Amino acid sequence: IDIRLAQYAGLRQIFEKCFRFLQAMARGNDVVQGRLFDRLDRLLSVHGAEAALADALTEVFTGNQEMCLKIRGYQVQRIVELLALHQLDASEFLDLLKAVVKVEELDLPLKRNQAFVMTYINQNRAKLAWIIEKDAAEKRKRLLKAGDLSDPELNYLLRMVDLLATCAEGENRFIESICQNIFLIEDLLEILNDPEISIPCKRPYLRFFVWVYLNTAGGKVESGASELDHDENMWRYIEMLNQSLLKLRNSLKGLERGSKKSMAMALKPGRTPSRQALEAAMQDKDRRIVATARVVDEDFLLYFFEGVLPFLQVFYTDYYQPVGDQHQMEVKTSQELVLNLLHISDEISHNVGDENQFQLLRSTVTTLVNQETLELLQQAEYVTMVTKFQQLSVDVEVDVRSDAMKKYESEFNREEKLNDRLNQFVVNFKKAYEGPNTVRVQIGYPSDTQYCEEDGDEDLPLGKEFQDHLSCFTNRSDGVDKHASKLVEQLFISYSDPDLAKLSEAERLEQERTSVTSLQVLRAMVHNQIMLLPEDDSGRSKAYQRTMERVRLVQDALNAFQSPLKIIPLLSHHNDDIVRETLALLATILYRGNRAVQAGFEYYFLNTREERFFIDVQARLQRSVVATRERRALLAQHRAKVSKSKEMMETLRLKTQGKKAAAKTSLAAAGQVSDEIELKTLEIKEGVHEVEDTSDALRFKDDGYIELILRIMGFMCDGHNRVLQDYLRVQSDNIKSLNLVGETTSYLQLFYGSINPDNIALVTQVFDTLIEFLSGNQENQAVAFDRQIIDAINDVLRLDTSHFTDTPELVCQLKQSAVVVLQSMIEENDPQTIRLSKEILETVHIDALYENMQKAFEEARQNPGEDGEDMRLLAFTIHHILLGLQDFGQKHWGKKWLFSYNPTPEQAGADAVLKDDTMSVEILRGEELQKVYFRVKKKAALREEVKEQLKWHISRESPTDKLRDFLEWAQDIRSDISFQQRVRKHRLASMLIAGRVFWYWSLLLLTIALNVFILASWTAPRDFEERLPEVENYFFPVLISLGAIHSLLSLCMLVTFYLSNWNNFVFPTIFYTIFKLETPKKSHSSINWFGLQSMYFVLFLTFSILSLFFDGYFYCFHLFIIVVNNDILGRVLQSITRNGKSLLWVAALMLVIIYVYAIVSFAFLRQSFDRNEGLFCENLGQCFVTSLKYGLLSGGGLGDALRPGTYSFHEPGLKIIFDLSFFIVITVIALNIVFGIIVDTFSELRDEKSRAQADMASVCFICGNPSFEFEKRGDGFDKHVKKEHNMWAYLFFFIHLNSILPNDYTSTEEFVAKKLRSNEIDFFPINRALSLSETEDKSVQELTELKRMVQQLLDRHEREDANQRRQKERQEQRKWKKRHLLSLEADEEGDEDGITTI
């Protein structure tokens, strides 16, 4: 329907009343203003009550900085279009535009909104600016002189001029130039000097004059106002002002204080006619106020504050320059003006209704006082008024409360106190109902960490009610119940169902609350599991991995419901709470870079050509940039005003001091005042009138939830997801591609030189996200470099930390993130990275890197514990970057830096200390060798016995076998070190393990001492049946004392052994078979529970205790301790145990053979066994034992032991065969086989050691290159194996990878970690080394240069040959030509002779 038709007049009235009601509701109410702003697009589409609509929307923006910053350009365009459509019928839209342009609470304009308004007004100039065109000058004069404020055309004119003045405010040169083409200075002064034009009509023109011509960005000459200081029309206007101010001064005298206050409250800024009418309707004005309005012209007061005071301040600051006696009239007028202003300020200063008005009044009076003359100083009235003004400037407190509010507060004071108590009770009851914000209280897990971020972007409802609600959607298996899918579907329906558009406002609000709660429940499912992660864990413990697996299960379950993909469209929702909760849920589902969720995003982006996500992210980044710049511009204007106010007061103070001496003389001569009074009244103290130069309203705010967005994009690329890294840079399958990598990098430019505690967390998150974008992606690195990422890093490195005295850890985190970005850009060695590194080396501030490294090192040294770990990590990271840049500069330029830089002694000292705990490895990635520097936290964690065991027992059959075995050893050692680190966290266990060397040597010495003591003390007893020795009385006290110590040390050694190797113990294989358990993988460090090594320490302690009860008999066994940690004796024992199985089988064979001989002896030679000689053969068992004993111990075998001469054989030769066969088979062959096995094993062990020594001395363990290659082409073999390819460095590198979270890996670390997980060795630089590569590069360069020189010689030789051939051809051509000419001449002569003859 067309509501403008006459038949809908009643509906129009309803609309108007609705908008008036909304206007009243929105005044001073941020919630209502926010609700109306959220529906701004819908409201701007309403027809029929445009004027009331404009008034209502004006209340939304008046005094609301956030709304002014949030408004979009198309919305401003829509307002201007409505103004162009309705013009005189809705000139209130001009007031709306003015409210959008200027932040009333700060009295400062927004340059962005100024540009919007002027741009769209120029686009509609024909419809809007007809009233200010030059051909409408006569009409304007007629309207102004008529002064009928009810005339729509006059209202439209005044509002338009006022809007233009507001748009030009703030020294906007472009807008000033446009406005200067509208009205000339002469036209403005003519209007201001015209007595027929009323004050309300002059006010916008005076403001236009001030902001377009006087207070300009272009200066006096450019604006054409350079000669206004002595312009006749200007001073005529000032004289007119003076008379008006004198009239105001006289009218203010005699007014009661309450009347003055009521009058001032009516003059608060931003009081449009509609607002005045609204206030009149909202409160009753008593007779006193009405009387006041009759005595004092309220319009002139508005004119005074909004026009006159800014005009006087600018004119007397920048233009007024009295010269000698030529302008005495101007001086006199100025003196009168100063006195009038001082009297007016004295009358109304205590009753100014707004702080900005008070500051303007004070600064204007101060400006005029600065222009005082000696003649004025001689007037006692002036001195008295200046004294009062000074006291007012110090004592005045602006009371901005309305009369209604003051009356309410006075009458309902008790109710207000009760209301305050009730509010406090509500807060306390809420806390009591919800409980403390700790994990222990909220989810029952024993931890006192904070459960969620309060009043932040990721807060959650607290209390049992929410957790009970959450339990309806969770289960114990994967943490998510199937009913949770209903929440996801509800969210999907909330934006996709077309019927939802038909909901009423109340129903829609309820639907939005339901969506917010659903998002919170889904997020809490993952959040509760994240809260169970162990604190201060490197991420490698089993408890952490189990909990993290639980987190991934919940994430995967929500991903299976397609939660991320179905809620992405909610990012475009108009409700900020829904957008915030959507972003928080996405960040939680992607926590730690869940690969399944990342794969879901990949599929979604690549198969649906989704653009909304990228458009929303870019839009929010850009809006944040705009809002932040506007805040910064406002803050700059605010500080400029503060600085200007301070300068004026300082100038006043200095001028006053300079004139005191002259004034003192003149006043004393005139006898008007005493010296004491003069000194008191003319002293302007330094520091008076200081204005607060900061404002909470101008502090940085993350309005667009940028930190959450950045975290989501970082999680998308976490784990070096190359697909999403590239897709965030360019969406090749979309119609429009948005480079979010570049946008994120450019976002850093917003904070150049302005990082503060309010935005440091966001800046840190930007760098953290860039780490994920850039790591291992050269294209993204190039984009970041082109967007000046190095400048941002330099800015962070030179950050002034004076503002962060309470939060130094935030600065440390920021710098750590920044330098990791730098590290990720230079870590690789491919051609593209080399080109980028050259440019980085030219732009990065090396001195800033050194300074930050030194500071971080010193702070870490002052905090040696966990408190200094962040600083320690920062120092190491910068140190590794410097080493990498030095290597790069040395390789490509032959010097460390592109320019000369010498570190200070302190920096060099820190560098040297950090270098001691830094190692490097070379990694083969593709075809390029890359050098990686890393920190070694605890070198002592790698035990020496483990190193020795690895060094001598690793397989050295071939380079690949050696490296594969090295990886197996490395895995075992990493497990051992990880276990050792957990054990060492316990103080007692750490002390026991640390003292294992002491236990060994103490036991060795004490065992020797005890055996020497026993050796000297024992005496054989007389009774041969007595087993215990005879000893002296001192023996037992000494034995018990030393034996107790020995037992205690034995216990310590046993406990140390088990503590050190607990992780390596395994049961015999049969144990796992019997109990049907999974057999663990056997490692190089495995120890059998019932093996010789473990049983030795048990027996050691057992024998030590038994020795206390058996007079030390068992201490002899403890002497075998000399075998422990002795390589030679260990090798001797190993020669027996290594082939023990073979020896056992040979022994078994010997037993079988001897058993055969025993049977033969039992059958035929029993008579040869003499019982008197100890030879028993009464049964087969005795015969076998005797044959075994004497057959082995007798030199000639069993035949040598049997009694000779007693033959039962019929033939003596059979006995000979028996004896000889036993001797040959057992004594000669079998025993020598045993000895041979032992000797061969020992020789084999010796050869293995020799080969290992030779291999270590002549071949690089890592690359396999022979030593002579490095002696001939490198810097020596020793340096190579110690610095470049140190096998222990690779082992520590693997340990380093095991000590950090996989999400924190660099690109190269991630590459190596993947290879380790798949047991691949192709990352080792086999047959490659950077030192050899550099030599090869130099050789190639030399060969290339030689080839070039040879080619030049060949080219030169060819050119010379060609020249010689050409010269030879030319000579032949000359000869031929000469012969040809001679032949022609001869032919011609012949012809002539023939003719003559004829």
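What you see is a predicted model; the values in this text were computed from it and never measured.

Rules behind the numbers
Residues numbered from 1 in each chain as written. Predicted model: local features only at pLDDT ≥ 70, side-chain atom pairs only at ≥ 80, totals over all residues. Heavy atoms only, no water. Helix = DSSP H or I, 4+ residues; strand = E, 2+ residues; numbered from the N terminus. Buried < 20%, exposed > 50% of the residue type's maximum accessible area, 1.4 Å probe, protein only. Contact = heavy atoms within 4.5 Å. Areas by Shrake-Rupley, 256 points an atom, 1.4 Å probe, with all protein chains shown as cover. Patch = residues over 30% accessible without salt bridge, like charges linked within 9 Å, V, L, I, M, F, W, Y side chains within 5 Å. Salt bridge = Lys/Arg side-chain N within 4 Å of Asp/Glu carboxyl O. Lys, Arg positive; Asp, Glu negative; His and termini not counted. Charge placed at Lys NZ, Arg CZ, Asp CG, Glu CD. Polar contact = N/O pair within 3.5 Å; in protein donor to acceptor, adjacent residues only side chain to side chain. Phe/Tyr/Trp six-rings, centres within 6.5 Å; stacked < 30°, edge-to-face > 60°. Lys NZ or Arg CZ within 6 Å of the ring centre and 35° of its normal. Core = buried A, V, L, I, M, F, W, Y, C linked by side-chain atoms within 4.5 Å. pLDDT = per-residue confidence, 0-100. Axes fitted to C-alpha atoms, helices over the stretch in contact; angles between N-to-C directions. Parallel < 35°, antiparallel > 145°, perpendicular 65-115°, else oblique. Left-handed = near helix turned anticlockwise from the far one by under 90°. Nonpolar A, V, L, I, M, F, W, Y, C, P; charged D, E, K, R; others polar. Disulfide = S-S within 2.5 Å. Pairing = 2+ DSSP bridges. Expected span 1.5 Å × (residues − 1).

(A) How the structure looks around the overall build of the protein chain. Each helix and strand counted, the protein chain has 64 helices and six strands in total. Relative to its 1398 residues, the protein chain shows a buried fraction of 48%. Contacts spanning at least 24 positions in sequence make up 75% of the contacts within the protein chain whose residues lie at least 6 apart. When the accessible surface of the protein chain is totalled, it reaches about 71,000 Å², and 55% of it is carbon and sulfur.

(B) Spotlight on unusual backbone geometry. Despite not being glycine, Arg592 shows a phi value in the positive range, around 60°. By secondary structure assignment, the location of Arg592 is in the loop between α33 (576–589) and α34 (595–608). The exposure class of Arg592 is partly exposed, given its relative accessible area of 25%. The phi torsion at Gln788 lies on the positive side, around 65°, for a residue other than glycine.

(C) Structural context of a negative patch on the surface. A grouping of Asp1023, Glu1025, Glu1026 and Glu1030 is seen on the molecular surface, where their side chains present a negatively charged patch. With respect to the element layout, Glu1025 can be found in the loop between α51 (996–1017) and α52 (1035–1061).

(D) Examining the side chain of Ser563 more closely. Here Ser563 lies in helix α32 (residues 563–567). Judged by its relative accessible area of 1%, Ser563 is buried. Look past the residues within four positions of Ser563 in its chain and what remains in contact with it is Val488, Leu558 and Ile589.

(E) Up close: the pattern of salt bridges. Evaluated as defined, the whole model comprises 45 salt bridges. With its nearest N and O atoms 3.5 Å apart, the salt bridge here joins Arg580 to Glu581. Glu779 is the partner of Arg722 in a salt bridge, and the nearest nitrogen-oxygen pair spans 2.8 Å. Taken together, the residues span a long stretch of sequence, with Arg722 in helix α38 (residues 722–729) and Glu779 in helix α41 (residues 778–786) at a distance of 57 residues. Judged by relative accessible area, Glu779 falls into the partly exposed class, the value being 32%.

(F) Summary view of helix α12 (residues 173–180). Among the residues of α12, those classed as buried are Ile175, Glu176, Ile178, Cys179 and Gln180. In this fold, the buried residues of α12 make contact with α8 (111–123), α11 (152–168), α14 (199–214) and α15 (220–223).

(G) Main features of a nonpolar patch on the surface. Taken together, the side chains of Ile1216, Leu1220, Ile1224, Val1228, Ile1229 and Ile1233 make up a nonpolar region of the molecular surface, amounting to roughly 490 Å² of accessible area. Classification of Ile1224 by relative accessible area gives partly exposed; the value is 41%.

(H) Seen up close, the environment of Asp229. Tracing the backbone shows Asp229 in the loop between α15 and α16 (232–252). Judged by relative accessible area, Asp229 falls into the buried class, the value being 14%. With sequence-adjacent residues up to four places away left out, Asp229 is seen in contact with Trp235, Phe315, Tyr319, Gln321 and Glu330.

(I) The arrangement of the side chain of Thr364 in detail. Relative to the helices and strands, Thr364 resides in helix α22 (residues 355–370). One polar contact links the side chain of Thr364 to the main-chain carbonyl oxygen of Leu309, over a distance of 3.4 Å.

(J) Spatial organisation of the packing of aromatic side chains. Counting across every chain of the model gives 59 aromatic pairs. Between Phe37 and Phe61, the aromatic rings sit 6.0 Å apart at their centres with planes inclined by 80°, giving edge-to-face as the arrangement. On the criterion of sequence distance, the pair formed by Phe37 in helix α2 (residues 30–38) and Phe61 in helix α4 (residues 50–61) is long-range, its members being 24 residues apart. Residues Phe37 and Phe61 agree in their burial class; the two are buried. Aromatic rings pair up to connect Phe209, Tyr213, Trp235, Tyr237, Phe311, Phe315, Tyr316 and Tyr319 into one cluster. Over the ring of Trp1288 we find Lys947, and its NZ or CZ is 5.1 Å from the ring centre.

(K) Local environment of the nonpolar core. By size, the foremost hydrophobic cluster in this structure holds 130 residues, and its most contacted members are Met525, Phe767, Ile789 and Leu849. The leading source of residues in this core is helix α43 (residues 808–826), at 10 residues. Sequence-distant contacts of Met525, that is, excluding residues within four places in its chain, are made with Leu470, Phe473, Thr474, Val480, Ala484, Leu487, Val554 and Leu558. With 118 residues, the next largest nonpolar core counts Leu83, Phe93, Leu188 and Val308 among its residues.

(L) Broad picture of the confidence of the model for the protein chain. Predicted confidence across the protein chain gives a mean pLDDT of 81, with 84% of residues reaching 70 or more. Taken together, the stretch residues 278–295 has pLDDT below 50 and engages in 19 contacts with residues farther than four places along the chain or on a different chain. Contacts of residues 670–694 to residues separated by more than four positions or lying in other chains number 54 contacts, the stretch itself having pLDDT below 50.

(M) Representation of the packing of helix α48 (residues 944–953) against helix α49 (residues 959–984) in the model. Close contact between α48 and α49 brings their axes to 11 Å; oriented N to C, the two are set at 170°. One element, α48, and the other, α49, form an angle in the roughly antiparallel class. Viewed along their axes, α48 and α49 form a crossing whose handedness is right-handed. From α48, Val946, Gln949, Leu950 and His953 reach across to α49, where they touch Asp965, Phe966, Trp969, Ile973 and Asp976. Classifying every residue of the contact of α48 with α49 gives five nonpolar, two polar and two charged.

(N) Quick peek at the state of the cysteines. All chains considered together, the criterion is met by zero disulfides. In this structure Cys1260 is a free cysteine whose sulfur lies 3.4 Å from that of Cys1263, the closest cysteine sulfur available. Judged by relative accessible area, which is 0%, Cys1260 ranks as buried.

(O) Looking closely at the pairing of strand β3 (residues 918–925). A large share of β3 lies buried, amounting to seven of its eight residues. Alignment of β3 against strand β4 (residues 928–935), held across eight bridges, turns out to be antiparallel. Within the sheet, the bridge partner assigned to Leu924 lies in β4 and is Leu929. Counted between consecutive antiparallel strands, the loop separating β3 from β4 contains two residues, among which Gly926 sits at a positive phi close to 70°.

(P) Structural view of the environment of Lys962. Mapped onto the elements of the fold, Lys962 is located in helix α49. Taking the C-alpha atoms as reference points, Lys962 and Ile1262, separated by 300 residues in sequence, lie 8.7 Å from one another. Residues in contact with Lys962, not counting those within four places in the same chain, are Ile954, Ser955, Arg956, Asp1255, Val1259, Cys1260 and Phe1261.

(Q) Molecular detail of α43. Helix length check: α43 (19 residues) gives 28 Å between terminal C-alpha atoms against 27 Å at 1.5 Å per residue, within 8%. With 15 of 19 residues buried, α43 lies mostly within the body of the structure.

(R) Structural detail: a positive patch on the surface. Among the surface-exposed residues, Lys542, Arg546, Lys937, Lys938, Arg982, Arg984 and Lys985 lie close enough to one another that they form a single positively charged patch. If you list the elements that add at least two residues to the positive patch, you get α31 (542–560) and α49. Mapping Lys542 onto the fold places it in helix α31.

(S) Summary view of the environment of Pro446. With respect to the helices, strands and loops of the structure, Pro446 is situated in the loop between α27 (439–443) and α28 (464–471). By relative accessible area, Pro446 is classed as exposed at 59%. Separated by 86 residues in sequence, Pro446 and Leu532 place their C-alpha atoms 9.1 Å apart.

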